[in-house]
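What the coordinates show
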Amino acid sequence: MTLLNIIYITLAVIFALGFSYFQYYVKSKRNKKERLILFTLRALSVFTLLFLLINPKIKSVTIQKVKPDLVLALDNSESISYLKQENNLFEIALFFKKDEEINERFNVHNIGFGSEISGIDSTNFGAKQTDIFKVLDDVKSSFKKKQNASILVTDGNQTLGRDFQYFRASKNQKIFPIIVGDTTKFPDLSISKLNVNRYAFLENKFPVEVFLNYSGSKNIASRFVILNDRETVFSEEVNFSEENRSVRLEANLPASQVGTQTFSAEILPLKNEKNTVNNQNNFAVEMIDERTSVLILSSFPHPDLGTLKKSIETNKQRKATIRYASENIVKLNEYQLIIFYQPNNSFNNWFEAIDKANLNYFVITGTKTDWNVIKNSLPFLSKSNSNTEQDFYAEMNLNFNQFQFEDIGFSELPPLQDKFGDLKIDTDFETLLYQKLEGVTTKQPLLMISKNNAKSSSFLFGENIWRWRTKIFVENKSFEKFDKFIGGLVQNLSSKKKKERLNIEFESFYYSNEIIKFDAQFFDENYQFDPNANLKIELKNDSLNVVSDSRFLLRNNFYQVSFNDIQPGEYQFTVSEENSGIKKTDKFSVISFNVEEQFSSANFSKLKNLADKNESQVYFPDQLENLKSELLNDNRFSIIRKENIKSQAIIEWYILLFILVGLLAGEWFYRKYKGLI
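Presented here is a report on the structure given in the accompanying data block. (Residues numbered from 1 in each chain as written. Predicted model: local features only at pLDDT ≥ 70, side-chain atom pairs only at ≥ 80, totals over all residues. Heavy atoms only, no water.)

Summing up its helical and strand segments, the protein chain has 14 helices and 35 strands in all. Dimensions along the principal axes, computed over C-alpha positions, put the protein chain at roughly 130 × 80 × 50 Å. Here the protein chain, with 677 residues, has 46% of them falling under the buried criterion. When the accessible area of the protein chain is evaluated, it comes to approximately 36,200 Å², of which 48% is carbon and sulfur surface. Computed over 84 positive and 83 negative side-chain charges, the separation of the two mean positions in the protein chain equals 11 Å. (Helix = DSSP H or I, 4+ residues; strand = E, 2+ residues; numbered from the N terminus. Buried < 20%, exposed > 50% of the residue type's maximum accessible area, 1.4 Å probe, protein only. Areas by Shrake-Rupley, 256 points an atom, 1.4 Å probe, with all protein chains shown as cover. Lys, Arg positive; Asp, Glu negative; His and termini not counted. Charge placed at Lys NZ, Arg CZ, Asp CG, Glu CD.)

This part covers the pairing of strand 3 (residues 107-113). Sheet topology places strand 2 (residues 69-75) next to strand 3; seven bridges connect them, and they run parallel. In the strand pairing of strand 3, A73 is matched with I111. As paired elements, strand 3 and strand 4 (residues 117-119) share three bridges and run antiparallel to each other. Of the residues in strand 4, the one forming a bridge with F113 is I117. (Pairing = 2+ DSSP bridges.)

Those residues of helix 7 (residues 303-313) not exposed but buried are D304, L305, T307, L308, S311 and I312. Along the axis of helix 7, the buried residues cluster in a sector spanning 165°; they form a single face. Tucked into the core, helix 7 has its buried residues touching strand 15 (292-298), strand 16 (318-324), strand 17 (337-341), strand 18 (360-365), helix 10 (466-476) and helix 11 (480-494). (Arc of directions from axis to C-beta. Contact = heavy atoms within 4.5 Å.)

Right, let's get into helix 8 (residues 348-357). Turning to helix 8, its buried residues are W350, F351 and I354. Down the axis of helix 8, the smallest arc covering the buried residues is 100°, so these residues share one side. Of the exposed residues in helix 8, those oriented more than 90 degrees away from the buried face are N349, D355 and K356. Against strand 15, strand 17, strand 18, helix 9 (371-377) and strand 25 (455-461) lie the buried residues of helix 8. Phi turns positive, to about 55°, at N358, one or two residues after helix 8.

Let us look at the sheet that holds strand 11 (residues 231-240). Strands belonging to one sheet form pairs held by backbone hydrogen bonds; the direction of such a pair is parallel or antiparallel. As summarised here, the arrangement of the five strands in space is 8-14-13-10-11, forming an open sheet in which the pairing is mixed. The sheet is open, and its two edges are formed by strand 8 (199-201) and strand 11, each paired on a single side. Between one strand axis and the next, the sheet turns through 25° on average, direction left out of account. Where strand 13 (residues 259-267) and strand 14 (residues 280-288) come together, eight bridges link them in antiparallel fashion. Among the inter-strand pairings, F263 is bridged to a residue of strand 14, identified as F283. (Axes fitted to C-alpha atoms, helices over the stretch in contact; angles between N-to-C directions.)

To continue, consider the nonpolar core. By size, the foremost hydrophobic cluster in this structure holds 36 residues, and its most contacted members are I339, F410, L432, L433 and W468. Apart from the residues lying within four places of it in its own chain, the contact partners of W468 are A394, F410, L413, P414, L416, L433, L446 and F482. Judged by nonpolar contacts, the second largest core, of 31 residues, contains A200, V238, A255 and A284. (Core = buried A, V, L, I, M, F, W, Y, C linked by side-chain atoms within 4.5 Å.)

Per the counting criterion, the structure on display carries 34 aromatic pairs. Pairing F47 with F51 gives two aromatic rings, centres 5.7 Å apart and planes at 20°, and the pair type is stacked. Of this pair, F47 and F51 both sit in helix 2 (residues 32-54), separated by four residues, roughly a single helical turn. Accessibility expressed as a relative area gives 24% for F47, which makes it partly exposed. Residue F51 is classed as buried on the basis of its relative accessible area, which comes to 17%. (Phe/Tyr/Trp six-rings, centres within 6.5 Å; stacked < 30°, edge-to-face > 60°.)

Let us now look at the environment of S478. Topologically, S478 is positioned in the loop between helix 10 and helix 11. By relative accessible area, which is 26% here, S478 ends up partly exposed. Residues S478 and L270, 208 residues apart in the sequence, show an inter-C-alpha distance of 40 Å. With residues up to four places along the chain from it excluded, the contact list for S478 reads I472 and F473.

The strand order across the open sheet built from three strands is 7-9-12, with neighbouring strands paired in antiparallel fashion. Whereas interior strands pair on both sides, the edge strands pair on one side only; in this sheet they are strand 7 (188-196) and strand 12 (246-254). In this sheet, neighbouring strand axes are inclined to one another by 25° on average, regardless of whether the strands run parallel or antiparallel.

This is the structure in structure tokens:
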């Protein structure tokens, strides 16, 4: 309260007393008791009114204790149960939950983690992958403005993500690893990595790259073999020593028959080797007997050409060849799709040739396109002449239904460039992407598909698509989304199959640690996408006596269903649409592989490196009291006392208003009672 307010309140007291005294002691002739009561009521009411008019502010101070955070991150992966460390984790969690000193000093948060963070209540040690770096980074982001200690309880065996031993905590974060599992290094042979393509071409050979590791100190010899249907298709002797702990082998195996072939790679175990699970790795390869060939024609070099070639060839079933329109020696019967890049006068004969060969084509226009050539060769398409260049942004058409594709963030991608002008299209077509000019989405297509009978064609009205692929990589650290979009477009254009009402997309085989997804589209009798379809899938495995069913969920312009924890084996599935009775049956395989069982001990060295890098130390389950002492004695984790000062105006105290009304009413009733009114 300020000095001025104190002066005002003092004057209010003097005025209230003086005014009441004058009214009841100077002018009134009542008895002493009546005058005293009326004087008191009037003085209090006048002072209360003046006090409210002065409206001084009262400050209140509250003390708040702010505890630092203690995050207990528990490894919820299958490797914990494989190493038989479940009880250790539960005991560690119970210790920090019940310790009074810890809970008095810290706000304790318990989380579980595998490939993602989960609640501690859902801890079942069933996570198929372990990403330790991710949980450390998520904790760092979530508590970046608060002082916190992170206790990482894990065996240190990571199967996913960036290497956690190089993680650096923030200034207000301290990491304390607790190692669970045996840290003793036993002699062990393992297959640390196996690289193979998912597809191979019939009557060709496909490479298998394998890395073999040895932990031990003696010189040993073993044999690496690859089996297919119990027959050895590759075998080689390998030698290890304390100095030579890793061996790389490459096998070239024949693709002898069409279909999915399952192989087993194995390094023969040592005598009395403790962990033999990591000695074997199953893999599968789908043998295909055809390959889609795409011809890219241009009259000049451009970055878009290389971008298209790379995106198309990420699928090993496809090959893209770049040729210049001036070349004459090209066998069109070797290709299933022709891409015309910015046609000009040199393209006239090519349009005639593909028309005679009845080939599908994809036209990409740009700032160097001669639209007179397009109008003469493709009479259904023209554009008003203009030499002005224009930037065209993309906007996805959510109602497109010829095939399903994912929104890769089209609206955020850089613009494509083309000549300004209105398109005139005199044919049936469907738009994938609309043109957006200066923030306004138009009805003109940026990317469209036209299908006439068995022939398909597509048009992209803009160059510099290489910027899209670059932008996708910058945001996702991968080209996958862009390449998948181009791959779906190429697959649709190069296919000459008759359109069916029920289409299903799936892989011929999956690994047991994968999520198994099925995508489907259903069309009505007019071959328009039906968003009201009732799709159901049923899985069967006769040898395992397993039957599972589920319903598809609508995702924009396609349906999707996924399965987790499917046992290895051969499966047959049936997808049916219940309203129409249309069904489709096929099969797939699940290959046995559990990456979490590839470890025989805890990874002490990486957890020690993590602790050293963050100026901490590692602990073991029998050292919890030591860790507790470290936490309680670290001044960085002290409780902070915060003073909250709150200023409130007197006029907000509604009780004073009620007091004023009460005083005035009391005086009135008393005067009424005494006959003064």
